[in-house]
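Chain residues, written in single-letter form:
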Amino acid sequence: MHRYGFELRPNRVSELVEQLANCHPLFIQDVQKFCQFLMELERSLP
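Keep in mind it's a predicted model, so treat the numbers as computed, not measured.

Asker: Even after reading the chapter, I still don't get the overall build of the protein, so can you show me in this structure?
Answerer: On a plain count of helices and strands, the protein comes out with one helix and zero strands. Dimensions along the principal axes, computed over C-alpha positions, put the protein at roughly 60 × 20 × 10 Å. Residue burial in the protein is summarised as follows: out of 46 residues, 0% are buried. For the protein, the accessible area works out to roughly 4900 Å², and carbon and sulfur atoms hold 62% of it.

Written out as structure tokens, the structure reads:
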């Protein structure tokens, strides 16, 4: 039993988990690039 307002489809959940596993490293890379950008921006301020 769950508290969702809909039924979860196991196959669809598996597909989404696989996609998440593929995009997680890209997300981390993007966050690191953004942090680097912010640090460079801070260094350029007077």
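Asker: How should a nonpolar patch on the surface be read in this particular structure?
Answerer: On the surface, a cluster of nonpolar side chains totalling about 480 Å² of accessible area is made up of Tyr4, Phe6, Leu8, Val13 and Val17. Summarising the element assignment, tyrosine 4 is placed in the segment before helix H1 (10-44).

Asker: Sorry if this is basic, but what is going on with the pattern of salt bridges here?
Answerer: Between side chains of opposite charge, a pair can form when the charged atoms approach closely. Inspection of the entire model under this criterion finds one salt bridge. Residue arginine 12 is joined to glutamate 15 by a salt bridge in which the shortest nitrogen-to-oxygen separation is 3.1 Å. Taken as a pair, arginine 12 and glutamate 15 lie in helix H1 at a separation of three residues, close to a single helical turn.

Asker: Please clarify how H1 should be interpreted in this entry.
Answerer: In an α-helix there are 3.6 residues to a turn, and that puts residues three or four apart on one side. With 35 residues, H1 should reach 51 Å at 1.5 Å per residue; the first-to-last C-alpha distance of 50 Å fits that figure. Of all the bends found along H1, the most pronounced is centred on cysteine 23 and spans about 35°, while proline 25, a proline, follows it within four residues.

So, how was this worked out
Residues numbered from 1 in each chain as written. Predicted model: local features only at pLDDT ≥ 70, side-chain atom pairs only at ≥ 80, totals over all residues. Heavy atoms only, no water. Helix = DSSP H or I, 4+ residues; strand = E, 2+ residues; numbered from the N terminus. Buried < 20%, exposed > 50% of the residue type's maximum accessible area, 1.4 Å probe, protein only. Areas by Shrake-Rupley, 256 points an atom, 1.4 Å probe, with all protein chains shown as cover. Patch = residues over 30% accessible without salt bridge, like charges linked within 9 Å, V, L, I, M, F, W, Y side chains within 5 Å. Salt bridge = Lys/Arg side-chain N within 4 Å of Asp/Glu carboxyl O. Expected span 1.5 Å × (residues − 1). Bend = angle between axes of the 7 residues up to and from the residue.

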